[in-house]
Amino acid sequence: MSVGALFLLALAIPIARGADDGQGADESVAQVDSEIEAKIEKYIGLARTGRMPVRPQAARRLVKLGEPAATRLRAACGEQGEGMADLGPHLVEVLADFEDPGLRARLWTQLSELDFPWRGAAARALAGTALTAEAPIFWELLADQLAPVRVAAIEALGTVGEGSSEEIKVLSDRLRIEPNDRVRRSGVALLDDWGQSGYLLWLLEDLRRTDRYFRLPFGEQARFLSARLLAKRLGDLHGYKAENSPDDPENARAIELISEDLVKRADGQFPILPPQALAGREIDGNVIGLELRSCRRGEFFLSWNRADVLHVGTSRPLEIPLPPGTVAALEKGLAECWADLGDERYWGASGCDIEQLRLTGPDGEVENFLVSKGPAAIPDLRPAPLDRAVKLLVNSIPEGGVWQLEQREQPRDVRGIELRERVEQALQSIGGEY
Amino acid sequence: MICLMAAAAPAALDDALEVSMQKLNNIEWDPGEEIPEEIKAYDGQRVEISGYMRNGTEEGASWFDLTDDSCGCGTSKLQHFVRVTLTDGTTSFDPGELTLTGEFEVSEKEDEDGFIESLYRLKIEKLGR
């Protein structure tokens, strides 16, 4: 038994130890030892497959058990962390909290594996306990393909960064092309911590959002998140209520007053807002949606609009013009696919990989078709009619030609770069070949 | 959209208080802390909430977790879930948006191991189109 485990036992059984220093004490120690082992196994089980709200709590309890739990998790992870994928994201997320150099090394190894399914959790674990020597790696992770990894990198830089003028430039340049609003929010908060309050203007823009992805209220979500961040920094939000529309007169007035507060705080120095950070509004006419959330390839929110435009991303999406008649032809082709699906709307098992097709009917109601799985591949997961449907959609995404020329004229919006290839890779990583 | 309601409840549907899932999700709260007053005010009320069955909902169960999207990705805080209990019926997974009406509870509820299993609970009669 390790010194740590003995220390735990000493805390747990003082009375038994005092009563009998001989064989009885050994038996008591053995009994408590087995109780701790039982707890470790129980908490690992709950953190992996228990009810979702309980998983992070069970993982935290393991950390409190200290060295015995660390020993068990080191063994589960294997020499290079090759067993870490089986632990699941909630356990991965607490591994660094054991302050065990071996577990930390395994986390870095797995984070560098693009096929590791819990890279976001590994990055958060490392970021929460970031070491100064790791700063260069966290700077590199600002360009990672997964948004949760980029958010974690920013969190780490809040600890190990210096906020020098050079660092401010690197971070702000990165945020100007950042396509994900969660990453932008984290970055803006750090820039404000580093004295660059003008970037808070980007959060003000979020307060004006009303965009939805079909029925998902991403605009409202952004209003809540940015209002919280602003309230922490400005204090008074002048009665702004995130649950109400920004067009509500009281909210509109509050936004004006917050804007005035920001001007004072930033001394009138504001950066130019990149197009993807401008407030998005709800868009009429989006009739087909393809939402991809791949734990290895990232997220995509695509919507095809009746005006023959492909929208990419959330908030203010990138607009890609499509040849006339494209979307009407897609609707016709997809209707034939849906007809072959019958009443089934869900395939696979719960997990981090999700493909969701959405179709707005003539009555405005949205039909959803969901394919999902955990980190392991499932052969033939996507049914044949959906294979045909996603092929039609992917083939409608422009590649090369005029579109790429337009991209060169708008280098700041990266959402369209190699879009078709990236969407294909994400689809293959979730539902497989099509 | 599927509309579901607690049919046995005597109050008319329009008596229900509309509650934003985003508002519930975005409170500043950790276990053991005081729940914000404006959220506690919903306790015991008849409310209407829109959301999605968490991906992974068991078939034929008497409860499920409602989340703000069907992915449930990144949802690990207790305030990200509304535990929906069906008093007369069982679950059948549907990836579409649900609008539910029923009696709402707000408080920390522990399971037999002392884990907090829910902060928000909604009791409805059954699922139905």
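Structure: above.
Residues numbered from 1 in each chain as written. Chains lettered and ligands numbered in written order. Predicted model: local features only at pLDDT ≥ 70, side-chain atom pairs only at ≥ 80, totals over all residues. Heavy atoms only, no water.

## Comments concerning the sheet that holds strand E3 (residues 309-312) of chain A
Residues and elements named next belong to chain A. Read from one edge to the other, the open sheet built from seven strands follows the order E4-E3-E2-E1-E6-E7-E5, with strand pairing classed as mixed. The outermost strands of the open sheet, each flanked by one partner alone, are strand E4 (318-321) and strand E5 (346-348). Within the sheet, the average angular offset between the axes of one strand and its neighbour, ignoring direction, is 15 degrees. By the bridge criterion, eight bridges tie strand E1 (residues 286-294) to strand E2 (residues 298-305) in an arrangement that is antiparallel. Bridged to isoleucine 288 within E2 is tryptophan 304. Packed onto the sheet, helix H16 (residues 326-339) meets E1, E2, strand E6 (353-360) and strand E7 (366-373) and runs at close to 65 degrees relative to E1. (Pairing = 2+ DSSP bridges. Helix = DSSP H or I, 4+ residues; strand = E, 2+ residues; numbered from the N terminus. Axes fitted to C-alpha atoms, helices over the stretch in contact; angles between N-to-C directions. Contact = heavy atoms within 4.5 Å.)

## Here's the deal with empty space enclosed by the protein
All names here are of chain A. With the rule as written, the count across this model stands at two cavities of 30 Å³ or more. In this model, the largest cavity occupies a volume close to 100 Å³. Lining of the largest cavity is provided by Asp211, Arg212, Tyr213, Arg281, Ile283, Asn286, Ser303, His311, Gly313, Thr314, Ser315 and Pro317. Summarising the domain contributions, the lining of the largest cavity has at least three residues from each of domain 2 (195-282) and domain 3 (286-430). Size it by volume and the second largest cavity reaches roughly 50 Å³. Taken together, Asp181, Arg184, Arg185, Val188, Trp202, Leu203, Asp206 and Ala277 make up the full set of residues lining the second largest cavity. (1 Å grid on protein atoms, 1.4 Å probe; cavity = no way out; pocket = protein on both sides within 12 Å on 5 of 7 lines; lining within 4 Å. Points joined across faces, edges and corners; volume = space filled by probe spheres on them. Domains from an automatic or database assignment.)

## Here we look at the packing of helix H11 (residues 165-176) of chain A against helix H12 (residues 181-193) of chain A
Residue and element names in this part refer to chain A. As a packed pair, H11 and H12 sit with axes 10 Å apart at the nearest point and diverge in direction by 155 degrees. The pairing of H11 with H12 is recorded here as roughly antiparallel in orientation. Helix-helix and strand crossings are classified by hand; for H11 and H12 the assignment is left-handed. Along its contact with H11, which presents Ile168, Leu171, Ser172 and Leu175, the element H12 presents Val183, Arg184, Gly187, Val188, Leu190 and Leu191. Its residues assigned to classes, the contact of H11 with H12 comprises seven nonpolar, two polar and one charged. (Parallel < 35°, antiparallel > 145°, perpendicular 65-115°, else oblique. Left-handed = near helix turned anticlockwise from the far one by under 90°. Nonpolar A, V, L, I, M, F, W, Y, C, P; charged D, E, K, R; others polar.)

## Some remarks on the interface of chain A and chain B
Reports of interface size often rely on the accessible area that becomes lost once the parts have come together. Between chain A and chain B, the contact holds 34 residues from the first and 33 residues from the second. Taken as a group, A:Arg51, A:Met52 and A:Arg228 account for 19% of the area that chain A buries against chain B, more than any other trio of residues on that side. A salt bridge links B:Asp69 to A:Arg293; its shortest N-O distance comes to 3.0 Å. In this structure, the connection of chain A to chain B is made through 15 residue pairs in polar contact (both at pLDDT 80 or more). Secondary-structure elements contributing two or more residues to the side of chain A that touches chain B are helix H3 (23-49), helix H4 (55-65), helix H14 (218-234), E6 and E7 of chain A. Take the side of chain A that touches chain B: its biggest share by element is six residues, from H14(A). For the side of chain A that touches chain B, the residue count by class is 15 nonpolar, eight polar and eleven charged. (Buried area = accessible area lost by both parts, 1.4 Å probe. Salt bridge = Lys/Arg side-chain N within 4 Å of Asp/Glu carboxyl O. Polar contact = N/O pair within 3.5 Å; in protein donor to acceptor, adjacent residues only side chain to side chain.)

## Here's the deal with the nonpolar core
Residues and elements named next belong to chain A. Membership of the largest hydrophobic core comes to 82 residues, with the highest contact counts inside it found for Leu62, Phe98, Leu107, Phe138, Leu171 and Tyr240. No other element matches helix H10 (residues 147-160), which puts eight residues into this core. Counting the residues that make up this core, at least three belong to each of domain 1 (1-126) and domain 2 (195-282). Grouped together as the second largest cluster of nonpolar side chains are 35 residues, Leu290, Leu330, Leu381 and Leu427 included. (Core = buried A, V, L, I, M, F, W, Y, C linked by side-chain atoms within 4.5 Å. Buried < 20%, exposed > 50% of the residue type's maximum accessible area, 1.4 Å probe, protein only.)

## Structural notes on the environment of A:Arg51
Looking at where A:Arg51 falls in the secondary structure, it is placed in the loop between H3 and H4. Excluding anything up to four places from it in sequence, A:Arg51 contacts B:Trp63, B:Asp65, B:Arg83 and B:Glu117. Separated by 3.3 Å, the side chains of A:Arg51 and B:Asp65 make a polar contact.

## A word on unusual backbone geometry
Residues and elements named next belong to chain A. Positive phi, normally seen in glycine, also occurs at aspartate 380, with a value near 55 degrees. Following the sequence through the fold, aspartate 380 ends up in the loop between E7 and helix H17 (384-395). If you check the backbone angles, glutamate 418 has positive phi at about 50 degrees while not being a glycine. Inspection of the secondary structure puts glutamate 418 in the loop between helix H18 (401-409) and helix H19 (419-430).

## Let's talk about the layout of surface pockets
Space inside the second largest pocket adds up to approximately 550 Å³. Around the second largest pocket, the lining is made up of 23 residues, and of these A:Arg212, A:Pro217, A:Glu220, B:Glu18 and B:Ser20 lie nearest the centre. Contributions of two or more residues to the lining of the second largest pocket are made by H14 of chain A together with strand E2 (17-19), helix H1 (21-25) and strand E3 (46-53) of chain B. At five residues, the largest contribution of residues to the lining of the second largest pocket is made by E3(B). The class makeup of the residues in the lining of the second largest pocket is five nonpolar, seven polar and eleven charged.

## Quick word on H19(A)
All names here are of chain A. The end-to-end C-alpha distance of H19, which contains twelve residues, comes to 17 Å, matching closely the 16 Å that a straight helix rising 1.5 Å per residue would cover. Listed as buried for H19 are Leu419, Arg420, Val423, Ala426, Leu427, Ser429 and Ile430. Looking at the residues trailing H19, positive phi occurs at glycine 432, about 90 degrees. (Expected span 1.5 Å × (residues − 1).)

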